[in-house]
Amino acid sequence: MIPALVYSAIPAVIIGRLKLPLARELHDKVLYADGQMNKADWLTADAAMIGVIGIGLWWLDAAAAIIISLDITKDGVTNLKAATGDLMDSRPTVTDDSQLDPLPERLRSEVESLEWVSDCAVRVREEGHVFFADVQVVPSSDAELAVKSREP
Amino acid sequence: MHEGVKDNPPWVELDELDLEARRYALAERFAAGIEAEIEWIEGSEEELFAALEVHELDLVVGGITSVSPWASVAALTHPYLTTASLVAVPEGREPPDDIAGLEVGVESSSELEGLLRKTDARVIEVEDVAAHEGAVAIDNYLLDDLDVVDTGALPFGYHRAVNVGYLCASLALFVMGLFILDDSVMKFISFEHAHAPIGLVQPWGRATLAGVGS
């Protein structure tokens, strides 16, 4: 029983671990959530192992399962919040949703540093792998506006 | 560093002004980032990629599509522009629900003409779609230049499909967590210790649905 569970948990551990760095690189939140699903997979296998080892203690398996299910549910809630947030055009976050993405701020400071711009507002929405940005600018002078705005 | 340039308007234009265009600026910034100097080489796609394959060139810049057959010998960048072929009607005219039977102008002997012939539209070959009065089949990046409106259903493309997938995946994770929580709490309070090990393993067996078989 135990070797069978170990055997079934190993691919989930390896594949789950491999997916996370790739997901970050591709900015792919689906892949990231999938990696977490693999984590849920091997955690449950661990719980089953604890259950088998603790045959004398009938409640050990259920107790381990409760703790692990709470962890999985927490991952689910976190991702669900982030997914609905993305569909509501909330501010872009990094792939694991732990913090805001630095790109909008970088874009704003780049635009603001342009000579012909006196003020600007930037909002960025996340559409899957790509970001779409609205940039509104206040030019420093109205003179020769058509010419100036063509300059990169 | 040797770089190849492919002339493929409107993606990359090789006249004097556009040599300073963004794509070149991008290659130059990349080169500066790795402290390389650029030696520009012009040529056709075939020539450039053949040279790239044998490491005579280091980088090829041009309007290369993501389905390029060269993708197997070269690493392409992320697509920076997604286009779609569509049928558009002149501004002010009501877009039809269906192109079946609609007279659609299309550049003669183009790929688009072949694609259009596979639909139920009536194909009208024209030399210049911009000069054609009625509906035309074009690539969507040309819309503004021609003063026509898009009749496509997904003007922003398919990017959001990833978000939809993400929502489904996180919902699945959440529901699986709840399912296991419910199951384990019920086991815990029901004192089923007589057949505990095997009985309690059962629900984990179902978790195989979630990903790799466990």
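Residues numbered from 1 in each chain as written. Chains lettered and ligands numbered in written order. Predicted model: local features only at pLDDT ≥ 70, side-chain atom pairs only at ≥ 80, totals over all residues. Heavy atoms only, no water.

**Some remarks on helix 1 (residues 2-26) of chain A**
All names here are of chain A.
And then number 1: With 25 residues, helix 1 extends 36 Å from end C-alpha to end C-alpha; this agrees with the ideal 36 Å at 1.5 Å per step.
And then number 2: Inspection of helix 1 places Leu5, Ser8, Ala9, Ala12, Gly16, Lys19 and Ala23 among the buried residues, and these make up the whole buried set.
And then number 3: Remark: histidine 27 follows helix 1 within two positions and exhibits a positive phi of approximately 50 degrees. (Helix = DSSP H or I, 4+ residues; strand = E, 2+ residues; numbered from the N terminus. Expected span 1.5 Å × (residues − 1). Buried < 20%, exposed > 50% of the residue type's maximum accessible area, 1.4 Å probe, protein only.)

**Topic: the pairing of strand 6 (residues 122-126) of chain B**
On any regular strand, side chains alternate: one points to one face of the sheet, the next to the other face.
Residue and element names in this part refer to chain B.
And then number 1: Of the strand pairs in this sheet, strand 5 (residues 103-107) and strand 6 are connected by five bridges, and their pairing is parallel. For glutamate 107, the partnering residue across the bridge sits in strand 6 and is valine 126.
And then number 2: You can see the chain leave strand 5, run along helix 3 (residues 111-117) and come back into strand 6, and the turn it takes is right-handed. (Pairing = 2+ DSSP bridges. Right-handed = clockwise from strand over helix to strand, strands pointing away.)

**A closer look at the confidence of the model for chain A**
The predicted structure's coordinates, where accompanied by low pLDDT, should not be read in detail.
And then number 1: Here chain A averages 83 in pLDDT, while 91% of its residues score no lower than 70.
And then number 2: No element of chain A has a lower mean pLDDT than helix 5 (residues 145-148) of chain A, at 58, and none a higher one than helix 4 (residues 103-112) of chain A, at 91. (pLDDT = per-residue confidence, 0-100.)

**A closer look at the interface of chain B and chain A**
And then number 1: Listed by partner, the interface residues are 36 residues for chain B and 47 residues for chain A.
And then number 2: For the pairing of chain B and chain A, the buried interface totals around 3,900 Å² over both sides, and the portion due to carbon and sulfur atoms is 75%.
And then number 3: Inspection of the region where chain B meets chain A yields two salt bridges.
And then number 4: Where chain B packs against chain A, one counts four residue pairs in polar contact (both at pLDDT 80 or more).
And then number 5: Residue assignment for the side of chain B that touches chain A shows that the elements contributing at least two residues are helix 5 (161-189) and helix 6 (196-206) of chain B.
And then number 6: Counting residues per element, the side of chain B that touches chain A draws most heavily on helix 5 of chain B, which supplies 20 residues.
And then number 7: Of the residues assigned to the side of chain B that touches chain A, the class counts are 24 nonpolar, ten polar and two charged. (Contact = heavy atoms within 4.5 Å. Buried area = accessible area lost by both parts, 1.4 Å probe. Salt bridge = Lys/Arg side-chain N within 4 Å of Asp/Glu carboxyl O. Polar contact = N/O pair within 3.5 Å; in protein donor to acceptor, adjacent residues only side chain to side chain. Nonpolar A, V, L, I, M, F, W, Y, C, P; charged D, E, K, R; others polar.)

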